[in-house]
Amino acid sequence: MLICNGEDDLVVIDWGFGSPLAVGFDLGQLLVGPMHAGLTPASDIARIDVAIFDAYLGGLADEGYAADPEDVRFGYLGSLFARSLFTALPTVELRGPDSDSLRRTVRERVVLTRAMLDLTAPVVRRRLARVDA
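Here is what the cut-offs are and how they apply
- Sequence positions are assigned chain by chain, starting from 1 and proceeding in written order.
- Under the rules for a predicted model, residues below a pLDDT of 70 receive no local features and side-chain atom pairs below 80 are neither given nor counted, while totals for whole chains, interfaces and linings still include all residues.
- The side-chain numbers reported here are obtained from all heavy atoms of the structure, hydrogens and water having been left aside.
- Only DSSP runs of H or I with at least four residues qualify as helices, and only runs of E with at least two residues qualify as strands; both kinds are numbered from the N terminus onward.
- Think of it in three bands: with a 1.4 Å probe and only protein chains considered, a residue is buried below 20% of the maximum accessible area for its type, exposed above 50%, and partly exposed in between.
- Only the protein chains shown count as cover for residues, with accessible areas throughout obtained via the Shrake-Rupley method and a probe of 1.4 Å.
- Confidence of the predictor in every single residue is expressed as pLDDT, which spans 0 to 100.
- The criterion used for residue contact is that any of the two residues' heavy atoms lie within 4.5 Å.
- Salt bridge, as used here: a side-chain nitrogen of Lys or Arg that lies within 4 Å of a carboxyl oxygen of Asp or Glu.
- Polar contacts, as counted here, are pairs of nitrogen or oxygen atoms within 3.5 Å of one another; within protein the pair requires one atom able to donate a hydrogen and one able to accept it, and residues that are adjacent in sequence qualify only if both atoms are side-chain atoms.
- Think of a nonpolar core as a cluster: buried Ala, Val, Leu, Ile, Met, Phe, Trp, Tyr and Cys residues, connected wherever their side-chain atoms sit within 4.5 Å.
- Aromatic pairing here means that ring centres of Phe, Tyr or Trp (its six-membered ring) are within 6.5 Å. Orientation follows from the plane angle: under 30 degrees is stacked, over 60 is edge-to-face, and everything else is tilted.

Caption draft 1: Expanded view of the overall build of the chain. Of regular secondary structure, the chain possesses 5 helices and 2 strands. Reading the chain from its N terminus to its C terminus gives the helix and strand order β-β-α-α-α-α-α. Counting only residues that meet the buried cut, the chain has 29% of its 133 residues in that class. Only carbon and sulfur atoms are counted for the fraction: they give 60% of the accessible area of the chain, which is about 8,900 Å².

Caption draft 2: Inspection of the confidence of the model for the chain at higher detail. The predicted model of the chain averages 85 in pLDDT, with 86% of residues at 70 or higher. Per-element confidence in the chain ranges from a low mean pLDDT of 61 for strand S1 (residues 2-3) to a high of 94 for helix H2 (residues 45-62).

Caption draft 3: Summary view of the side chain of threonine 40. Secondary-structure assignment places threonine 40 in the loop between helix H1 (27-36) and H2. For threonine 40, a relative accessible area of 18% corresponds to the buried category. Ignoring any residue separated from it by four or fewer positions in sequence, one finds threonine 40 in contact with Pro34, Met35, Ile48 and Glu108.

Caption draft 4: Molecular detail of the pattern of salt bridges. Using the criterion set out here, one finds 7 salt bridges in the structure. For the salt bridge of arginine 126 with glutamate 70, the shortest nitrogen-to-oxygen distance reads 3.0 Å. Of this pair, arginine 126 sits in helix H5 (residues 100-132) while glutamate 70 sits in helix H3 (residues 69-84), and the two are 56 residues apart along the sequence. Across the salt bridge formed by arginine 114 and aspartate 118, the nearest N and O atoms sit 2.8 Å from each other. Highlighted residues: arginine 114 and aspartate 118, both in helix H5, separated by 4 residues, approximately one helical turn. Aspartate 118 sits in the partly exposed class, given a relative accessible area of 45%. Beyond isolated ion pairs, a larger network of salt bridges with shared partners links Asp71, Arg127 and Arg130.

Caption draft 5: Region of interest: the environment of tyrosine 56. You can see tyrosine 56 is positioned in helix H2. For tyrosine 56, a relative accessible area of 19% corresponds to the buried category. For the pair tyrosine 56 and valine 23, spaced 33 residues apart in the sequence, the C-alpha separation amounts to 10.0 Å. With residues near it in sequence (within four places) discarded, tyrosine 56 still touches Val23, Gly24, Asp26, Leu27 and Val72. At 3.3 Å, the side chain of tyrosine 56 and the side chain of aspartate 26 are in polar contact.

Caption draft 6: Representation of the nonpolar core in the model. Counting residues in hydrophobic clusters, the biggest one holds 21 residues, and the most contacted among them are Leu31, Ile45, Tyr76, Leu112 and Met116. Elements supplying a minimum of two residues to this core: H1, H2, H3 and H5. If you tally residues by element for this core, the top one is H2, at 6 residues. Dropping the residues within four chain positions of it, tyrosine 76 is found in contact with Val23, Gly24, Phe25, Leu27, Gly28, Leu31, Asp49, Ile52 and Phe53.

Caption draft 7: Summary view of the packing of aromatic side chains. Summed over all chains, the structure comprises 1 aromatic pair. A ring pair is formed by phenylalanine 53 and tyrosine 76, whose centres lie 6.1 Å apart and whose planes are at 15°; its orientation type is stacked. A residue pair is termed long-range when its members are at least 10 positions apart, and phenylalanine 53 in helix H2 and tyrosine 76 in helix H3 qualify at 23 residues. Here tyrosine 76 falls in the buried class, since its relative accessible area comes to 0%.

Here you go:
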């Protein structure tokens, strides 16, 4: 549960993934959730990525958790890739009638898919290079 500074609201966090996962795993939903909901444009992905990643590393450090930023980045983006990349396109909606709204959604989701690939590819390449070494 979260209590925001200066707010009376109490926020309950979904424990759907309440099991051991890669460090950084939970960042993926923070990144793409608002985009999947149509609240944030995919063009903001790089800006949001920097903000949440740096804040996450800061939070780990504040709690005394020593983590290699490359491991955190791989856990974050590797799990995002596995979980979200191929479901980014609105396949259910594509079965419905054509509309301007659907076309805008599909275009935005294609941009999001490309942006996720652009973020993830360098991280995966670096990790594979370490494995091959």
